[in-house]
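What the coordinates show
Given next are the chains, with one letter for each unit.
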Amino acid sequence: PIAEWVLANSDTNFSRMTKALPPILAFLRNCVVRILLYFTPDGSLPPPSHKGKMFGTGISYSGVGTCVDHGTSPPKDTLVAGDRLPDHNYRVHDSTQSADLHSLLGPLSTEYTLVVVGDPAVGVQATTAMSGIPNLAKRVYIICPEKGTPPIPPNKGDGIEVVQLTPEQSQYSKSLMDQLGLKLKGTAILLVRPDTHLAMVHRGPFEATALASNIKAAALM
């Protein structure tokens with residue numbers, strides 16, 4: 001079904017651009033396309049409204065029942081459990097190199113990964129909810145919203161590595177905080193499936209025991 005969905009959307013967009021027209025209209029269309037391509041900044045094509053459909057990244061499992069939202073209700077038109085984790089660029093703390101988030105999460109495996117967006121202190125607290133959960137990577141990624149955030153002390157006591165990430169600004173897309181509908185001091189805990197879709201999204205405060213139970217339930221769905 002996924003391959004069929006991607007091909008159907010790609011064929012539709014391609015057909016619109018290559019539809020046979022009378023010579024004069026075809027000439028005008030070609031002129032318009034050339035002018036638009038000349039003035040369009042690099043990296044802005046295809047437009048976000050079509051990119052997800054053409055590349056298959058706009059697929060969501062939010063209505064299937066295998067992904068769950070916890071905590072504060074998600075604002076309208078924001079990321080929810082079941083959506084694909086956006087692949088923005090980030091810089092690891094104390095590094096000058098940036099990489100896309102999916103690459104940082106590592107190659108395809110059977111493990112789920114915890115990503116915390118927002119308050120770094122909350123991210124460190126969330127690591128306490130990971131103990132004893134099967135199929136969970138021993139690494140937590142904490143995406144800090146602001147540059148200049150002090151380094152997060154490594155959590156070596158329970159063998160969990162904490163990786164601090166700083167977003168690289170992009171003029172072509174919203175930040176992950178914006179896509180989650182988080183305010184400046186807001187926090188979201190994301191459980192990322194091996195296929196980079198969100199198995200669980202928890203917004204707002206949490207209690208460690210309840211969070212651990214929710215993570216375990218989502219990872220076993």
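Heads up: these notes are all about the structure in this document.

About the thresholds
Residues numbered from 1 in each chain as written. Predicted model: local features only at pLDDT ≥ 70, side-chain atom pairs only at ≥ 80, totals over all residues. Heavy atoms only, no water. Buried < 20%, exposed > 50% of the residue type's maximum accessible area, 1.4 Å probe, protein only. Helix = DSSP H or I, 4+ residues; strand = E, 2+ residues; numbered from the N terminus. Pairing = 2+ DSSP bridges. Polar contact = N/O pair within 3.5 Å; in protein donor to acceptor, adjacent residues only side chain to side chain. Axes fitted to C-alpha atoms, helices over the stretch in contact; angles between N-to-C directions. Contact = heavy atoms within 4.5 Å. Expected span 1.5 Å × (residues − 1). Arc of directions from axis to C-beta.

1. Remarks on the pairing of strand β6 (residues 161-167)
The buried fraction of β6 is high, at six of seven residues. Across three bridges, strand β2 (residues 89-92) lies against β6 in antiparallel orientation. Each residue of the ladder has a partner; that of Arg 91, found in β6, is Thr 166. Looking at chain direction, strand β5 (residues 136-143) and β6 are connected through five bridges and run parallel. Pairing of Val 140 across the sheet is with Val 162, part of β6.

2. Regarding the environment of Asp 83
Its location among the elements puts Asp 83 in the loop between β1 (68-71) and β2. On a C-alpha basis, the gap between Asp 83 and Leu 198 in space is 5.7 Å, while along the polypeptide they are 115 residues apart. Engagement of the side chain of Asp 83 in a polar contact is seen with the backbone nitrogen of Val 80, the distance being 3.0 Å.

3. Examining the sheet that holds strand β7 (residues 188-192)
Spatially, β1-β8-β7-β4-β5-β6-β2-β3 is the arrangement adopted by the eight strands of the open sheet, whose pairing is mixed. Among the strands making up the open sheet, the edge pair consists of β1 and β3 (98-100). The average undirected angle you get between the axes of adjacent strands in this sheet is 30 degrees. As paired strands, strand β4 (residues 112-117) and β7 are joined by five bridges and run antiparallel to one another. Bridge pairing in β7 links Thr 113 to Val 192. With respect to the sheet, helix α7 (residues 208-219) is in contact with β1, β4, β5, β7 and β8 (198-203), its orientation differing from that of β8 by roughly 160 degrees.

4. A few points about α7
The α-helix advances 3.6 residues per turn, and as a result positions three or four apart in sequence lie on the same side. Taking 1.5 Å as the rise per residue, α7 with twelve residues should run 16 Å; its terminal C-alpha atoms sit 16 Å apart, in good agreement. Those residues of α7 that fall on the buried side of the exposure criterion are Leu 211, Ala 212, Asn 214, Ile 215, Ala 218 and Ala 219. The arc that holds the buried residues of α7, viewed along the axis, is 165 degrees, so those residues lie on one side.

5. Here we look at unusual backbone geometry
With phi around 60 degrees, Asp 77 is a residue other than glycine that occupies positive phi space. Structurally, the position occupied by Asp 77 is in the loop between β1 and β2. One non-glycine residue with positive phi stands out, namely Thr 196, at about 70 degrees. When you line up the elements, Thr 196 lands in the loop between β7 and β8. The class for Thr 196 is buried, based on a relative accessible area of 15%.

Remember, this is a structural readout, not a statement about activity or role.
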